[in-house]
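Coordinate analysis (summary)
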Amino acid sequence: MTNTTVEPDEATRLRNKVVDELCADGNISSPDVEAVMRKVPRHEFTPADTPLDKAYDTYAAVITKTDEHGVQLSSVSAPQIQAMMLEQAQVKPGMRVLEIGSGGLNAAYLAELVGEDGEVVTVDIDPVVTDRARRLLDEHGYGRVHVVTADAAEPIPDLGEVDVVMVTAGAWDISPAWTAQLKQGGRLVVPLRMRGLTRSVSFIQVMGEHGPYLESESAKICGFVPMQGSNAHREELLLVNGTPEIGLKFDDGLPTDPHRLDNAVTFPRHELWTGVTVRIQELIDTLQMAMAISLPGFCTMAVDENSDTGLVAPVNKRFALAAVEDDTFAYLVTRRTEDNKHLEYGVHALGPHAEQFADKAADVLRAWEANRRGGPSPVIRAYPASTPDEQIPADRVIDKVHSRISLSWPPA
């Protein structure tokens, strides 16, 4: 479907190198996804001034639009993320696909996968984005892709049912319009934010005893530009002790009485090392989820480097797993082991009950090591917001505006 314009040899070489890497690391597992990612000229869907090596960075996105404050509004996702989500979507020839969050490149991949007998509709709320997508798709022979400017949290007029809904913007909630337009047994792939952690979730729509709901097939770590429009959602920031030095970010609302933390930093920092070690390159997605499920006051912590006085000492000042319990907060830290091949997890806690809360967080780490490490991710289910508690089996339920998200560990 692509045009016959001769590409630079270097672009072809780099594109094949990217695909080779993605096949080797398991992000590409099907011949169809491999073929379309080798075929479509990714660099021609990035901004014109993007260097080839940046366009073909396997694990990095290319930003296409920011606001006046430098906040990212639109991007071309990293090849690794695009491959991962295409594999999750399992698009076949003849399918009808709705893409939410348009940029052109992913729609081109989808058009190749559905073939001449299929249909792709790509939607974005920003007319600048859709105008660019329309132009690029036309230039590369994908005129059959329907480009729509709309808030995709609302039903798309005259769309009908689709086999796959693929969301390519970070979503905090699941819009009823997405499931309403999805065929029974259809697949929704969405970067869903849960308690501040984002996972690309491949959901199947199933019929339960009390009606339809979504159940995850897979969930993989990812990061995305947040969704705009009626489904937009911002984390709430709690500045500990009222200063910009320590910020705790809550995805589902602040603690009932956040001022109870005002004096936490006046207490000595309690430090506890757990004996739980991981390989330096080991994925810790299930550890993150264990913290989010097990600790009611789970949040993330960031430190303003310009105001940093050393009250807290996270390894990553922009993002640390943390939690709050009444008048005390804690966060995870790591240190290299003597062999320099592993990291040991520790807990720092501040507040009048620092020692007790550090012990509680350490118990979560040890339980993860004993029961969840190397195992499957939690099963994620999405129910309508009106679903009563007794109809939701879960270790943790997250209430959103349109849905109730349940997280349940498979048997240990």
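Going by the structure above, here's the rest.
Keep in mind the model is a prediction, meaning the values are calculated, not measured.

Moving on, we get to the overall build of the protein. For the protein, the count of helices and strands is 9 helices and 19 strands. Against the globule reference of 22 Å for 412 residues, the protein gives a C-alpha radius of gyration of 22 Å, in line with a compact fold. For the C-alpha atoms alone, the extent of the protein along its principal axes is close to 65 × 50 × 40 Å. Burial analysis of the protein (412 residues in total) assigns 51% to the buried set. Contacts in the protein between residues at least 24 apart in sequence constitute 59% of all its contacts with a sequence separation of at least 6.

What follows is about the side chain of aspartate 251. Mapping aspartate 251 onto the fold places it in the loop between β11 (246-250) and β12 (270-279). By relative accessible area, which is 4% here, aspartate 251 ends up buried. Here aspartate 251 is in contact with Trp172, Arg193, Met194, Arg195, Gly196, His233, Glu235 and Lys400, once residues within four sequence places are set aside.

Side chains that carry opposite charge are capable of pairing whenever their charged atoms lie near each other. Counting across every chain of the model gives 26 salt bridges. One salt bridge in this structure joins glutamate 282 and arginine 373, with 2.9 Å as the shortest N-O distance. With glutamate 282 in the loop between β12 and α8 (285-294) and arginine 373 in the loop between α9 (354-371) and β17 (379-384), the pair connects residues that are 91 residues apart, well separated along the chain. Here glutamate 282 falls in the buried class, since its relative accessible area comes to 15%. The class for arginine 373 is partly exposed, based on a relative accessible area of 28%. A salt bridge links lysine 360 to glutamate 325; the nearest nitrogen and oxygen atoms lie 2.6 Å apart. Taken together, the residues span a long stretch of sequence, with lysine 360 in helix α9 and glutamate 325 in strand β14 (residues 320-325) at a distance of 35 residues. In this structure glutamate 325 comes out as partly exposed when scored by relative accessible area, which is 31%. What you see here is one network of salt bridges that share partners, running through Arg279, Glu282, Glu369 and Arg373.

As a further point, take the packing of aromatic side chains. In this structure the tally under the stated criterion is 1 aromatic pair. Taking the centre distance of 5.0 Å and the plane angle of 20 degrees together, the rings of tyrosine 213 and tyrosine 383 count as stacked. Separated by 170 residues along the polypeptide, tyrosine 213 in strand β9 (residues 211-221) and tyrosine 383 in strand β17 bring together distant segments of the chain. For the pair shown, tyrosine 213 and tyrosine 383 are each scored as buried. Lying across the ring of tryptophan 273, arginine 335 places its NZ or CZ 4.0 Å from the centre.

Parameters and conventions
Residues numbered from 1 in each chain as written. Predicted model: local features only at pLDDT ≥ 70, side-chain atom pairs only at ≥ 80, totals over all residues. Heavy atoms only, no water. Helix = DSSP H or I, 4+ residues; strand = E, 2+ residues; numbered from the N terminus. Rg over C-alpha atoms; globule rule 2.2 N^0.38 Å. Buried < 20%, exposed > 50% of the residue type's maximum accessible area, 1.4 Å probe, protein only. Contact = heavy atoms within 4.5 Å. Salt bridge = Lys/Arg side-chain N within 4 Å of Asp/Glu carboxyl O. Phe/Tyr/Trp six-rings, centres within 6.5 Å; stacked < 30°, edge-to-face > 60°. Lys NZ or Arg CZ within 6 Å of the ring centre and 35° of its normal.

So far we have only geometry, and geometry alone does not tell us how the molecule works.
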